[in-house]
Amino acid sequence: MGKKILIVGHSAKEHAIAIKLDSYESIEKIYVAPGNSAMSEFCECIDIREDDVSKLLEFVLENGIDLTIATSKTAIKADIADLFQANSQLIFAPTAVSSAFAVSRSVAKKLMYKLRIPTPRFAIFEKFQLAADYLKNASYPLLVGSDEFSDNSVHAVCSNISMAKRCLEDLFLSDEKKAVLEEFVNGHSFTLYVITDGYQALPLCACADYKFLEDGDGGLFTEGVGAFVPDYKVSENIVASIMNDVVYNILRALEKRETPYLGIIGVECVLTSDDNYITTGFTPFLKDHDAFAVLNSLDENFLDLFEACAVGSFADDYFYLKSSDLSSVSLVFTARQDGLIIEGLNSLDENTFVTHFSTRKNQYMEYETNKGRTLVVTHCAATLNGAKRRLYENVADINFKNKKYRTDICN
């Protein structure tokens, strides 16, 4: 009998890991809670909310689930890992307390300051007037945003005080409890992903990040609209420095608190020169826009890898991770409204992969957009140039009204 897996989440990153796991013969069935329409084509979607961790545990116990992979921030914040571990159920996910720095920007900034990890100058406010007063003497450009990143949160890189004040007003009017202000650092943005059992950590890969909505890094500042892997601009020395000075620095601090972090950590950085970087924040697990590219960069069985972390054999079983020697380029399609019919998804070649955010199927079995980020399209090839060229040839076939995507990924 093969293994039964539960993935907790509903977005593009969950879709990416489901596609990868679906190729393993050792897996009998993949459940996703709650999942989305695209995942329902090859997984069984379960109508349980990501934060209803008691009901998820009940489902796992009743259905003999061998491993749960909780990738959504909602489930992690609801402390699914702690509940499952207390009930002797294997889970690949960090606890709420250990992952606070990867979920909350304010917690991350305070932790980096305490551990002397270089990060842009920042300030945290819970009241509008105090934040507005800070703007008078701040350095610009300034990143103004809420405590957590999401597709609905307020984030903008502001070039002057009036723009920053408008952004702050929008932020507090949207019922946010905290505003995090930090000096925006220009440079090459990338994320180093690492996997850890809380004690040992190994780098997965460095991934170039595109966060601005418009070509040339203009427009809205988002969670991410494009990526490429491997990031040739990030040297082995930079990776070694991040592992030693950032990753192990944080893991040691968490271990001292007796709250080890189990899972994947994304260390978000800006390359300020060939040999220098600054750390801007963190993310739990992979991000939606780069998940498939990251997973495809490794020649590893991710079920075995995740299980090794969950059961505590990671340090004994893994001394390094094997690269796949594949290059990938990803971009995100954004839509201005819900319910637009998406055409052309069946015309893509076999090395072009589509992962979905929250698209839905209509009565004619056609996919329809969700407003905002709606699809991630990734092409994998032997070289980055080849991946980029074939990606843009393929995305020209995907159509819906007023479709939008960046045309300069990996230029």
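Here the structure is shown first, and the text comes after it.
Residues numbered from 1 in each chain as written. Predicted model: local features only at pLDDT ≥ 70, side-chain atom pairs only at ≥ 80, totals over all residues. Heavy atoms only, no water.

J.: Which parts of the structure should I look at to understand empty space enclosed by the protein?
T.: The gaps left among the atoms become clear once a water-sized probe is rolled over them. Under the criterion given, the structure shown has two cavities of 30 Å³ or more. Taken as a whole, the largest cavity spans an internal volume of roughly 400 Å³. If you go around the largest cavity, you meet 31 residues; those closest to its centre are Phe149, Lys211, Glu268, Thr280 and Gly281. Contributing elements (two or more residues each) for the lining of the largest cavity: α5 (100–103), α6 (105–115), β9 (179–183), β10 (188–196), β11 (201–214), β12 (218–229), β13 (263–273) and β14 (276–284). Considering each element in turn, the lining of the largest cavity owes the most residues, four residues, to β14. For the lining of the largest cavity, a count of residues per class yields 14 nonpolar, seven polar and 10 charged. Counted as a void, the second largest cavity has a volume near 40 Å³. (1 Å grid on protein atoms, 1.4 Å probe; cavity = no way out; pocket = protein on both sides within 12 Å on 5 of 7 lines; lining within 4 Å. Points joined across faces, edges and corners; volume = space filled by probe spheres on them. Helix = DSSP H or I, 4+ residues; strand = E, 2+ residues; numbered from the N terminus. Nonpolar A, V, L, I, M, F, W, Y, C, P; charged D, E, K, R; others polar.)

J.: Can you help me understand the sheet that holds strand β16 (residues 352–356) in this one?
T.: One key point about sheets: their strands pair by backbone hydrogen bonds, in either a parallel or an antiparallel sense. In space, the eight strands of this open sheet follow the order β14-β13-β10-β11-β12-β15-β19-β16, with antiparallel pairing throughout. In this open sheet, the two edge strands, each paired with only one partner strand, are β14 and β16. Shown here is a sheet whose adjacent strand axes are inclined to one another by a mean of 30 degrees, direction ignored. Sheet strands in contact with helix α13 (residues 384–395) are β12, β15 (327–335), β16 and β19 (372–381), and its direction is about 30 degrees off that of β15. (Pairing = 2+ DSSP bridges. Axes fitted to C-alpha atoms, helices over the stretch in contact; angles between N-to-C directions. Contact = heavy atoms within 4.5 Å.)

J.: Would you take a moment to explain helix α2 (residues 53–63) for this structure?
T.: Residues separated by three or four positions in an α-helix point in the same direction, a consequence of the helix having 3.6 residues per turn. Those residues of α2 that sit buried are Val53, Leu56, Leu57, Phe59 and Val60. All buried residues of α2 project into a common sector of 160 degrees when viewed along the axis, lining one side. Looking at the buried residues of α2, the elements they touch are β1 (3–9), β2 (27–34), β4 (67–70), α3 (73–77) and α4 (80–86). (Buried < 20%, exposed > 50% of the residue type's maximum accessible area, 1.4 Å probe, protein only. Arc of directions from axis to C-beta.)

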